[in-house]
Amino acid sequence: MIEFNDEYFMYMALRQAELAFDANEVPIGAIAVKDGMILARAYNQVEMLKDATAHAEILVMTQAAAALGDWRLSDVDIYVTKEPCAMCAGAMVNARVKRVIFGSSDNKYGACGGALNVTQFPGMLHQVEIKKDVLEFECTELIKLFFQRVRQKKGLSGKKLED
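Quick caveat: nothing in here was measured; it's all calculated off a predicted structure. (Residues numbered from 1 in each chain as written. Predicted model: local features only at pLDDT ≥ 70, side-chain atom pairs only at ≥ 80, totals over all residues. Heavy atoms only, no water.)

A. Structural context of the pairing of strand S1 (residues 29–34). Judged by how many residues are buried, S1 sits mostly within the fold: 5 of 6 residues are covered. Pairing between S1 and strand S3 (residues 77–82): 4 bridges, direction antiparallel. Across the sheet, the residue bridging to Val 33 is Asp 77, located in S3. (Buried < 20%, exposed > 50% of the residue type's maximum accessible area, 1.4 Å probe, protein only. Helix = DSSP H or I, 4+ residues; strand = E, 2+ residues; numbered from the N terminus. Pairing = 2+ DSSP bridges.)

B. Seen up close, the packing of aromatic side chains. By the definition in use, this model includes 6 aromatic pairs. Here a set of aromatic residues connected by ring pairs shows up, and it is made of Phe 4, Tyr 8, Phe 9 and Tyr 79. One Lys or Arg, Arg 149, reaches over the ring of Phe 21 and ends 4.2 Å from the middle of that ring. (Phe/Tyr/Trp six-rings, centres within 6.5 Å; stacked < 30°, edge-to-face > 60°. Lys NZ or Arg CZ within 6 Å of the ring centre and 35° of its normal.)

C. Representation of the pattern of salt bridges in the model. Summed over all chains, the structure comprises 6 salt bridges. For the salt bridge of Asp 6 with Arg 99, the shortest nitrogen-to-oxygen distance reads 2.9 Å. On the criterion of sequence distance, the pair formed by Asp 6 in helix H1 (residues 6–22) and Arg 99 in strand S4 (residues 99–104) is long-range, its members being 93 residues apart. Of the two residues examined, Asp 6 and Arg 99, each falls in the buried class. Between Arg 99 and Asp 77 there is a salt bridge, with its nearest N and O atoms 3.2 Å apart. (Salt bridge = Lys/Arg side-chain N within 4 Å of Asp/Glu carboxyl O.)

Here you go:
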């Protein structure tokens, strides 16, 4: 029998990240879960949609809200393969997401405790619970592989590329 725990759901988010990878998008995937049921699945589509806001987290929250018929996601957990940025973390606060669970931390741009913590900022209208480093290795390796491929295509194999 399959146990529906944080690792299981992060594997589902990783599947979405692999779809992004295959579409030449930064490989970040997300799923929205309520009461052990997956409500929505998404992956980064910034390049495909030519939309800077088309992050996996934003897309999955939009789909989850549509599935629930309510913008309030107070009983919803968001699983995402990389620590959300400030835009996505802010959207999670505004949508009143219960928990964000992520794989790969981001000390440079992450807004769930990495570079800053929007999700638990004092005085905000809502505090989002955080769980980090779930399947961290797998999530981080997919992103590393993606940027190695980008550098090779650009002939920059020896240079560091900003991600």
